[in-house]
Amino acid sequence: MSEQVFLQHLEEVLDQKIERAPLAKGQTGFAFFNGALQYFFVDKESLTASSYRPLSFDFGSMFEILEQQKRKGLSPGPLLKALKLSKKVKIVDGTCGSGEDTAFFLFHGAKVLALERDPRVFALLLDAHRRAREDSQALVRERAERLEIIHADVFNSSCAIEKFAPDFVYLDPMWEFEQRKALPRKEMKIFAQILQRPLSQEEFLQEIKRHLVGYKVVLKRSRKHPKGPLVNASYAGKTTRYDLVLA
Ligand SMILES: C[S@@+](CC[C@H](N)C(=O)[O-])C[C@H]1O[C@@H](n2cnc3c(N)ncnc32)[C@H](O)[C@@H]1O
């Protein structure tokens, strides 16, 4: 497929004009679209339409979804209980990813220090944060003001975490890519292909014991995973469990 044909196809899939052409087959790249940074990822093996979709995060949309769920009276679930979310709570989101959980914490009034080790994911988060701080809605700007994002490994950030003095450290790493019945959402499918190999449960708990002593760590896991010795309390949803780990 020539680059021109490829780009035309990409424009059709996206239904947008591409300002810059970052890609050839099997490559990746960033481009700005409608004022938002997008990361293009094309799977080497399968040049399918879905693999052209760029990755981009948007806190405004995430807040809107949470507003809709609240209006419909949907229960916010076990995460709210696990982190005792309120206006006074300070949370380190040590594995920020697409920022969805961070958005949830901000929505419920918390102050958040978010850490992300992957530079590409971090770039997208920074851009999303910039747009949220400049949003036309005061509520979105206020929530964004309660967030700080840094490019760092949570297990190598003791100074920043100590300075922030969190009530909880929340961790939702990618566990070794599990076979799931339901298809994971787009972000997770791309993450599974581009990110550093995730740690096993045992390795991850060792890192918590080594680097997060004295903190209340809330670890997101599947309900199927055994709890292990450090778990102090558990808050389970349908498929997910939030374990309070005291290292
Ligand atoms: C499953 S995703 C997190 C999803 C996130 N909770 C959300 O709502 O989108 C895992 C993310 O954590 C990051 N990550 C994994 N281990 C990390 C570590 N030790 N320090 C910082 N970030 C880490 C990965 O790069 C990835 O972006």
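Residues numbered from 1 in each chain as written. Predicted model: local features only at pLDDT ≥ 70, side-chain atom pairs only at ≥ 80, totals over all residues.

(A) Quick peek at the overall build of the chain. If you tally the helices and strands in the chain, you get 10 helices and nine strands. Scored against the burial criterion, the 247 residues of the chain give a buried share of 28%. A sequence separation of at least 24 residues applies to 55% of the contacts in the chain between residues at least 6 apart. (Helix = DSSP H or I, 4+ residues; strand = E, 2+ residues; numbered from the N terminus. Buried ≥ 20, exposed ≤ 12 C-beta atoms within 10 Å, placed from the backbone. Contact = placed C-beta atoms within 7 Å.)

(B) Representation of helix 5 (residues 100-107) in the model. Most of helix 5 is tucked away: seven of the eight residues are buried. All of the buried residues along helix 5 are Asp 101, Thr 102, Ala 103, Phe 104, Phe 105, Leu 106 and Phe 107.

(C) Representation of the pairing of strand 6 (residues 168-171) within the structure. The alternating pattern of strand 6 places Phe 168 and Tyr 170 and Val 169 and Leu 171 on opposite faces, both of which are buried. Sheet topology note: the strand 3 (residues 90-93)/strand 6 ladder contains three bridges and is parallel. Its bridge partner lying in strand 6, Val 92 is registered against Val 169. Where strand 6 lies against strand 7 (residues 216-222), three bridges are found, and the strand directions are parallel. The residue of strand 7 that forms the bridge with Val 169 is Val 217. (Pairing = 2+ DSSP bridges.)

(D) How the structure looks around the packing of helix 6 (residues 119-133) against helix 7 (residues 138-145). Running from N to C, helix 6 and helix 7 point in directions that differ by 135°, and their axes come no closer than 7 Å. Between helix 6 and helix 7, the angle is such that the two are oblique. Across the interface between the two elements, His 129, Ala 132 and Arg 133 of helix 6 pack against Val 140, Arg 141, Ala 144 and Glu 145 of helix 7. (Axes fitted to C-alpha atoms, helices over the stretch in contact; angles between N-to-C directions. Parallel < 35°, antiparallel > 145°, perpendicular 65-115°, else oblique.)

(E) Region of the structure containing the sheet that holds strand 3. Taken together, the seven strands give an open sheet; going across it, the order is 5-4-3-6-7-9-8, and neighbouring strands pair in mixed fashion. The strands lining the two open edges of the sheet, one partner per strand, are strand 5 (147-151) and strand 8 (231-236). Shown here is a sheet whose adjacent strand axes are inclined to one another by a mean of 20°, direction ignored.

(F) Looking closely at the site of the ligand. Residues in close proximity to the ligand total 20 residues, the closest being Thr 95, Gly 97, Ser 98, Glu 100 and Arg 117. Listing elements by their share of the shell around the ligand, those giving two or more residues are helix 5 and strand 4 (111-116). For the shell around the ligand, the class distribution of residues is eight nonpolar, five polar and seven charged. (Near = placed C-beta within 6 Å. Nonpolar A, V, L, I, M, F, W, Y, C, P; charged D, E, K, R; others polar.)

(G) Just the environment of Ala 247, in detail. Along the chain, the position of Ala 247 falls in the segment after strand 9 (240-246). The class of Ala 247 is partly exposed, set by 17 C-beta atoms lying within 10 Å. Between the alpha carbons of Ala 247 and Leu 205 there is a distance of 8.7 Å; along the sequence they are 42 residues apart. When sequence neighbours within four positions are dropped, the list of residues in contact with Ala 247 reads Ile 208, Lys 209, Leu 212, Val 213, Val 217 and Leu 230.

(H) Representation of helix 7 within the structure. Along helix 7, the residues classified as buried are Val 140, Arg 143 and Ala 144. With its buried residues spanning 100° around the axis, helix 7 presents them on a single face. In helix 7, the exposed positions that point more than 90 degrees away from the buried face belong to Ala 138, Leu 139 and Glu 145. Looking at the packing, one finds that the buried side of helix 7 touches helix 3 (59-71), helix 5, helix 6 and strand 5. (Arc of directions from axis to C-beta.)

These results come straight from atomic positions and should not be treated as a statement about function.
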